[in-house]
Amino acid sequence: DNINVSRHEALDDVILKPFLQLNASYPISQKNLLRVDLGVGYDKYFNHDEYSGLRLRSGSQVSFDVAVKEFRFDLHDRFDYSGDSAGQATVADNARFEYFQNTAGLTVDLDVKDLLLTAGYDHVNYISESSQFPYLDHASESFTGRAGAKLHPTLIAGVEGTVSITHYDKPVLNDNTGYGG
């Protein structure tokens, strides 16, 4: 119902969404792990075939974890490709909105006795595949810091702070900086 997210000219359809999730890991050593996660699907629209298309699941990634003494390094590249407009409020009246998002970064954990410290950096590229929405293209730099006390092997209490800086390719939307904690 309302596949084009339209207030006035809603289209309906039956959509089949087959999906395949592959998760693989290879322990290079006792403390080093290579991981590949890939989710691939196809959205088949029966009444409006022009909206049918491939998608890569958010969370698809290639990552490499390396441990050196008390440090653990996670080098990762996560990617997402979709044509589903339902999650994009800025593209109303469009049943198909294709975009690619790539997040590459590094997270470092320092695990000392009952204290866990984490620092992370990610670079995000968001690219609209539609000629209608080039103003949504942007790049972001994200920084994360955490400090936590281990109350139990599976329970950590602490604080977290984040900073994200976003720069849009076109001067339609405002560049911004966000803070969180």
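No experiment lies behind these values; they were computed from the predicted model shown.

1. Brief notes about the environment of G181
Now for step 1: Assignment of secondary structure puts G181 in the segment after β10 (176-180).
Now for step 2: Exposure remark for G181: the relative accessible area of 91% places this residue in the exposed category.
Now for step 3: Between the C-alpha atoms of G181 and R146, which are 35 residues apart in sequence, the distance is 9.3 Å.
Now for step 4: Among residues more than four places away in sequence, those in contact with G181 are E160 and G161.

2. With respect to unusual backbone geometry
A negative phi angle characterises most non-glycine residues, just as the trans form characterises most peptide bonds.
Now for step 1: Here K69, not a glycine, exhibits a phi torsion of approximately 55 degrees, which is positive.
Now for step 2: Take K69: it is sitting in the loop between β4 (53-68) and β5 (71-84).
Now for step 3: By relative accessible area, K69 is classed as exposed at 73%.
Now for step 4: The backbone of K113 shows a phi angle near 50 degrees, a positive value even though the residue is not glycine.
Now for step 5: You can call K113 exposed: its relative accessible area is 76%.

3. Digging into the side chain of D37
Now for step 1: With respect to the helices and strands, D37 occurs in strand β3 (residues 33-45).
Now for step 2: Take D37: its relative accessible area is 11%, and that puts it in the buried class.
Now for step 3: When neighbours within four sequence positions are excluded, D37 is seen to be in contact with Q21, L22, N23, A24, G59, S60 and Q61.

4. A closer look at the pairing of strand β8 (residues 138-152)
In regular strands, side chains alternate between the two faces of the sheet.
Now for step 1: Here strand β7 (residues 115-128) runs beside β8; their pairing, made up of twelve bridges, is antiparallel. Opposite L115, over in β8, you have A149 as the bridge partner.
Now for step 2: Pairing of β8 with strand β9 (residues 155-168), which is carried by 14 bridges, proceeds in the antiparallel orientation. Across the sheet, residue R146 finds its bridge partner in β9, namely E160.
Now for step 3: The loop that links β8 with its antiparallel partner β9 comprises two residues.

5. Regarding a nonpolar patch on the surface
Now for step 1: On the surface, a cluster of nonpolar side chains totalling about 430 Å² of accessible area is made up of Y26, I28, L34, V36 and V62.
Now for step 2: Its place among the elements puts L34 in strand β3.
Now for step 3: For L34, a relative accessible area of 33% puts it in the partly exposed group.

6. What about the pattern of salt bridges?
Now for step 1: If you walk through the whole model with that rule in mind, you get eight salt bridges.
Now for step 2: Between R72 and D109 there is a salt bridge; the shortest N-O distance is 2.8 Å. Of the two residues, R72 is situated in strand β5 and D109 in strand β6 (residues 96-112); the sequence distance between them amounts to 37 residues.
Now for step 3: Judged by relative accessible area, which is 35%, R72 ranks as partly exposed.
Now for step 4: With a closest N to O distance of 2.3 Å, K150 and D111 form a salt bridge.

7. Considering the packing of aromatic side chains
Now for step 1: Going through the model one piece at a time under the given rule, you end up with four aromatic pairs.
Now for step 2: Taking 5.2 Å as the distance between ring centres and 15 degrees as the angle between the ring planes, the aromatic pair formed by Y99 and Y126 counts as stacked. A residue pair is termed long-range when its members are at least 10 positions apart, and Y99 in strand β6 and Y126 in strand β7 qualify at 27 residues.
Now for step 3: With a relative accessible area of 9%, Y99 lands in the buried category.

What counts, and at which threshold
- Along each chain, residue indices are assigned from 1 in the same order as the chain's sequence is written.
- The predicted origin of the model limits local features to residues at a pLDDT of at least 70 and limits the giving and counting of side-chain atom pairs to 80 or more, whereas totals for whole chains, interfaces and linings rest on all residues.
- The side-chain numbers reported here are obtained from all heavy atoms of the structure, hydrogens and water having been left aside.
- The helix and strand labels rest on DSSP assignments: H or I over at least four residues marks a helix, E over at least two residues marks a strand, and numbering proceeds from the N terminus.
- Burial classification: accessible surface area is computed with a 1.4 Å probe over protein chains only, and a residue below 20% of its type maximum counts as buried, one above 50% as exposed, and the rest as partly exposed.
- In what follows, residue pairs with any heavy atoms lying within 4.5 Å of each other are defined as contacts.
- One requirement defines pairing of two strands: DSSP has to find at least two bridges between them.
- A patch is a set of surface residues, each over 30% in relative accessible area and not in a salt bridge, joined within 9 Å for like charges and within 5 Å for the nonpolar side chains Val, Leu, Ile, Met, Phe, Trp and Tyr.
- Using a 1.4 Å probe, the Shrake-Rupley method yields the accessible areas, and only the shown protein chains count as cover for residues.
- Here, a salt bridge means any side-chain nitrogen of Lys or Arg that lies within 4 Å of a carboxyl oxygen of Asp or Glu.
- To pair, rings of Phe, Tyr and Trp, with the six-membered ring standing in for Trp, must have centres within 6.5 Å; the planes then decide the type, stacked if under 30 degrees apart, edge-to-face if over 60, and tilted in the middle.

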